[in-house]
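# Reading the structure
For reference, the chains in residue letters:
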Amino acid sequence: MSNAHGSDDIIIAFWTDCGISALVADAPQNHFEMAQNKADVAVPEGIGGATEPQMTATRVHAASAPAAGPRAALPHHDDGARLLQDDHPQDAVMDAREMARAAPDLPTLHAAIEAFEGCPLKATAMRACPGEGPVGAPIMFVGEAPGRDEDAAGRPFVGRSGKLLDKMIAAIGLSREDVYISNVIPWRPPGNRTPSPIETATCEVFIRREIALVSPKILVPLGGPAAKTLLRNDTGIMRQRGRWTRYMGDDDREVDALATFHPAYLLRTPGEKRRVWQDLLALRARLESAHGFASL
Ligand code: URA
């Protein structure tokens, strides 16, 4: 791949800046044209696992996880898909709301998320990362959106941030399997960019339904974007972390809520772990005093 002028490194850096994080085919393919021809994208064998990455960047991926099968190509209007959300933002939100409301349980909700075509992030993500954990979990942690590792695995918080989140959970005497973990947005934004307001508004409908179905004792938004979205305020995370408040569900059910720093922020700013430790102690104390959990 490299040449005498090192230009390949520059091209790869450019792709990376554009949000391209997987190399899946030998030659570039025009997915818009292929969608028009209603032809399937030829999926090279061996992708979706750790097998030989190949040297052409494309944003259409094959997925081998059970959570989602490979998508053929970028859907467009002719296919009846409404991924061009900017043209119909209100319709996308209404579709999402209808699908979410109609879901009586988590498997149905997750299937609805997989099937939803109203968020353009779906087109650039490898697969959806719905939440995971038990119904009735004492604590539900919610981040902003999956990153690269989560996008590859189809599971929330499995990368470096997730490993730190696991340690935070262990610090209060629980394990990952005891709690519920999810994100406001179930698809990775390209290059981990900030989700747009309309993307957030659309996906918020799903996370709100997920919270209602999980029915946790305590909701913990991780980081400013999740806290602002779920707690419906415009307060920075520096001011709202560590303060007990109430999450207001669409069904008028209230849930104890305590926002804290996002683990990714802690990885960059380890000095702030001290404050998160205080939040975790407060969480544990609230579980014991208000929700009948045995003390450690
Ligand atoms: N950051 C998030 O907000 N969510 C994840 O799942 C991973 C990283």
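For the structure, see preceding data.
In this convention, every chain numbers its residues from 1, walking through the sequence in written order. The model is predicted, so local features are restricted to residues of pLDDT at least 70 and side-chain atom pairs to those at 80 or more, both for listing and for counting; the totals for chains, interfaces and linings are taken over all residues. Where side-chain values are given, they derive from all heavy atoms of the structure, hydrogens and water being excluded.

## Points about the site of the ligand
The environment of the ligand is made up of Gly-143, Glu-144, Ala-145, Pro-146, Gly-147, Glu-150, Pro-156, Phe-157, Asn-183 and His-262. Here a polar contact is recorded for every N or O atom pair within 3.5 Å, except that within protein the pair must consist of a potential hydrogen donor and a potential acceptor, and residues adjacent in sequence are included only if both atoms are side-chain atoms. At 2.7 Å, a side-chain N or O of Asn-183 approaches a nitrogen atom of the ligand. Within the side chain of His-262, an N or O atom sits 2.8 Å from an oxygen atom of the ligand. The protein chains hide 91% of the 230 Å² of surface that the ligand would expose on its own. Cavities and pockets were defined on a 1 Å grid built from protein atoms only: a cavity is a group of points that admits a 1.4 Å probe but offers it no way out, a pocket is an open group of points flanked by protein on both sides within 12 Å along at least five of seven lines, and a lining residue is one with an atom within 4 Å of any such point. Cavities and pockets are treated as containing a molecule whenever more than half of the molecule's atoms lie within 2 Å of their grid points. Judged by the fraction of its atoms near the pocket grid, the ligand is located in the largest pocket. If even one non-hydrogen atom of a residue comes within 4 Å of a molecule or strand, that residue is called near it. Throughout, the Shrake-Rupley method with a 1.4 Å probe supplies accessible areas, and for residues the shown protein chains are the sole cover considered.

## Quick notes on the nonpolar core
Among buried residues, the Ala, Val, Leu, Ile, Met, Phe, Trp, Tyr and Cys ones that are joined through side-chain atoms within 4.5 Å form a nonpolar core. For the exposure calls, accessible area comes from a 1.4 Å probe over protein chains only, and a residue counts as buried if that area is under 20% of its type's maximum, exposed if over 50%, partly exposed in between. Counting residues in hydrophobic clusters, the biggest one holds 58 residues, and the most contacted among them are Ile-139, Trp-187 and Leu-219. A helix here means a DSSP run of H or I that spans at least four residues, while a strand means a run of E at least two residues long, and both kinds are numbered starting from the N terminus. Per-element tally for this core: the top contributor is helix α8 (residues 197–214), with seven residues. Among all residues touching Leu-219, those that are not within four sequence positions of it are Met-140, Val-142, Ile-211, Leu-230, Tyr-247, Val-255, Asp-256, Ala-257 and Leu-258. Throughout, a contact is declared for two residues whenever any of their heavy atoms are within 4.5 Å.

## Here we look at the pattern of salt bridges
It is possible for side chains bearing opposite charge to pair when their charged atoms get close. The salt bridge definition used is simple: a Lys or Arg side-chain nitrogen within 4 Å of an Asp or Glu carboxyl oxygen. In total, this model carries 16 salt bridges according to the counting rule given. Note that Glu-254 is salt-bridged to Arg-246, the shortest N-O span being 2.9 Å. With a relative accessible area of 40%, Glu-254 lands in the partly exposed category. For Arg-246, a relative accessible area of 40% translates into the label partly exposed.

## Considering the environment of Ala-145
Considering the arrangement of structural elements, one finds Ala-145 in the loop between β3 (139–143) and α6 (148–153). If we ignore the near neighbours within four places in the chain, the residues touching Ala-145 are Asn-183, Ile-185, Trp-187 and Pro-189.

## Quick look at unusual backbone geometry
In this model, Ser-215 sits at a positive phi of 55 degrees, which is unusual for a non-glycine residue. Note on placement: Ser-215 falls in the loop between α8 and β5 (218–221). Residue Arg-232 is not a glycine yet carries a positive backbone phi of 50 degrees. By the element assignment, Arg-232 lies in the loop between α9 (224–231) and α10 (237–240).

Spatial relationships are all this shows, so hold off on functional conclusions.
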